[in-house]
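One letter stands for each residue in the lines below.
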Amino acid sequence: MTGVGPKRLYFVAGEASGDAHGAALIAALRRLHPDVVITGRGGPRMRAATEGSVVDWSRHSAVLGLWEVLKKYRYFRRQFTNSLRAISEQEVDAVILIDYPGFNLRLARALSKKQPDLKIIYYISPQVWAWNRGRIPKMAECLDLMLCIFPFEADIYNQSGLRTVFVGHPMIEALGAGPKETRVPNLFGLFPGSRWREVRKILPVMVRAAELIHDAMPDVRFEVASASVSFNREIERQLRHSRLPADATEITTGQAEAAMQRASAALIASGTATLQGAFFRLPFVLVYRVPWFFYLPARALVRVKYLGMPNVLAGREIVPEFIQHRAQPRAIAQDALRLLQDKEARDRQLAEFDRIIATLGQDGASSTAAQAIMDELGDGAAR
């Protein structure tokens, strides 16, 4: 390790969300210590934030499911070996692992054996509390510090002996700094997800529910939030074959956050978008479907009662969940119409959203995480 001189940090993020959080954390670290040296692997945002010293491997690193990992096994094995070598050769002071547990937890174990004096810090906990709490003691053996974004995580990890700091959720600062939109009456949002598999499997259910909503309220308009231009043709095809009038539907691309502020109610696929919907105080119903060969193994592993993070945080179902065989258009439409037409139902859900969002900390998760990292390295700036 370098000892005297600027601190050297090696980052590893493997997905788009980790890339965004990593870039924000890098910016916060440089505000504290402009001379900090940062290398590693991530995505385009982290690469831009470090003027190219972080490798962009995001085209290959973002995989979903065991089968996709197995297809790229040799690639990931090579990247794993390259990471170990780079960390050793660069004599870094700490490794910052961002989410991405399949790769990062293995890397942490290998590093703790190979370089026992190296600081290993994890930012944005993998959700092992949901699917395998038995891994937490093993994580405590190879990690020096966990920086978590949900308050209940700190209690779980601290009980295992893994030192943990709750830094707040980076979503709060990211969404709070964005542009503001005006809520549009009778505009209904459809948010089918950011993966191709989700658009193919979830949007048809949403569209059929939308048809029933339109039957009951003909003046309702629908905005479909497309995560990528590559999805638009499939979305257009599904809308064209539906009973929804063409003038009652609109597809917007890359504007999910704005659409959440415009819509009066929505159907949202499970994932980060559910927490974003709660942040923007958008009444919604959760819909999720995946192929059964993905769902059954996942369901066998998951140890939490709810899929949507607002429900996990609340400890009860504040957002109706329609998952797999329960994702039936008529039942979905009924709950969605209730949110559109029943002010008391809307207000109850919004009050719950306000309560859970208040638990996620104030603006500044990245700055808090940066301070915790420098404190861990014995180089904290004045607060």
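## Notes on the sheet that holds strand S12 (residues 284-288)
Here's step 1: With parallel pairing, the 6 strands of this open sheet are ordered in space as S10-S9-S8-S11-S12-S13. Both outer strands of the open sheet, strand S10 (249-253) and strand S13 (321-323), are each paired with one neighbouring strand and no more. For this sheet, the mean inter-axis angle between neighbouring strands, taken without regard to orientation, is 20 degrees.

## Remarks on the side chain of Ser226
Here's step 1: Within the secondary structure layout, Ser226 lies in strand S9 (residues 221-226).
Here's step 2: On the basis of relative accessibility, which here comes to 3%, the residue Ser226 falls in the buried class.
Here's step 3: A distance of 2.7 Å separates the side chain of Ser226 from the backbone oxygen of Ser228, its partner in a polar contact.

## Structural notes on helix H12 (residues 229-240)
Here's step 1: Taking 1.5 Å per residue as the helical rise, H12 with its 12 residues ought to reach 16 Å, and the 17 Å between its terminal C-alpha atoms agrees with that figure.
Here's step 2: Buried within H12 are the following residues: Phe231, Asn232, Glu234, Ile235, Gln238 and Leu239.

## What about the packing of helix H17 (residues 329-341) against helix H18 (residues 343-358)?
Here's step 1: Put simply, H17 and H18 touch, their axes get as near as 5 Å, and they point 95 degrees apart. It follows from the interaxial angle that H17 and H18 lie roughly perpendicular. Judged by residue contacts, Arg338, Leu339, Leu340 and Gln341 of H17 engage Lys343, Ala345, Arg346 and Gln349 from H18.
Here's step 2: Partitioning the contact of H17 with H18 into residue classes produces 3 nonpolar, 2 polar and 3 charged.

## Topic: the pattern of salt bridges
Here's step 1: All told, the structure shown has 15 salt bridges when counted by the stated rule.
Here's step 2: Between Glu352 and Arg355 there is a salt bridge, and its shortest N-O distance comes to 3.2 Å. Note that Glu352 and Arg355 are positioned in helix H18 at a spacing of 3 residues, about one turn of the helix.
Here's step 3: Since its relative accessible area comes to 42%, Arg355 is described here as partly exposed.

## A word on the nonpolar core
Within soluble globular proteins, side chains that are nonpolar tend to cluster in buried spots.
Here's step 1: If you look at the biggest cluster of nonpolar residues, it comprises 93 residues, and the most contacted ones within it are Leu9, Phe11, Ile96, Tyr123, Phe188, Leu267 and Ile373.
Here's step 2: Considering each element in turn, this core owes the most residues, 10 residues, to helix H11 (residues 196-216).
Here's step 3: Phe11 has contacts with Gly22, Leu25, Ile26, Leu29, Ile38, Thr39, Gly40, Arg41, Met46, Ile96 and Ile98, leaving out every residue within four places of it along the chain.
Here's step 4: Residues Leu84, Val95, Ala108 and Tyr157 belong to the second largest nonpolar core, which totals 31 residues.

Basis of the calculations
- Residues numbered from 1 in each chain as written.
- Predicted model: local features only at pLDDT ≥ 70, side-chain atom pairs only at ≥ 80, totals over all residues.
- Heavy atoms only, no water.
- Pairing = 2+ DSSP bridges.
- Helix = DSSP H or I, 4+ residues; strand = E, 2+ residues; numbered from the N terminus.
- Axes fitted to C-alpha atoms, helices over the stretch in contact; angles between N-to-C directions.
- Buried < 20%, exposed > 50% of the residue type's maximum accessible area, 1.4 Å probe, protein only.
- Polar contact = N/O pair within 3.5 Å; in protein donor to acceptor, adjacent residues only side chain to side chain.
- Expected span 1.5 Å × (residues − 1).
- Parallel < 35°, antiparallel > 145°, perpendicular 65-115°, else oblique.
- Contact = heavy atoms within 4.5 Å.
- Nonpolar A, V, L, I, M, F, W, Y, C, P; charged D, E, K, R; others polar.
- Salt bridge = Lys/Arg side-chain N within 4 Å of Asp/Glu carboxyl O.
- Core = buried A, V, L, I, M, F, W, Y, C linked by side-chain atoms within 4.5 Å.

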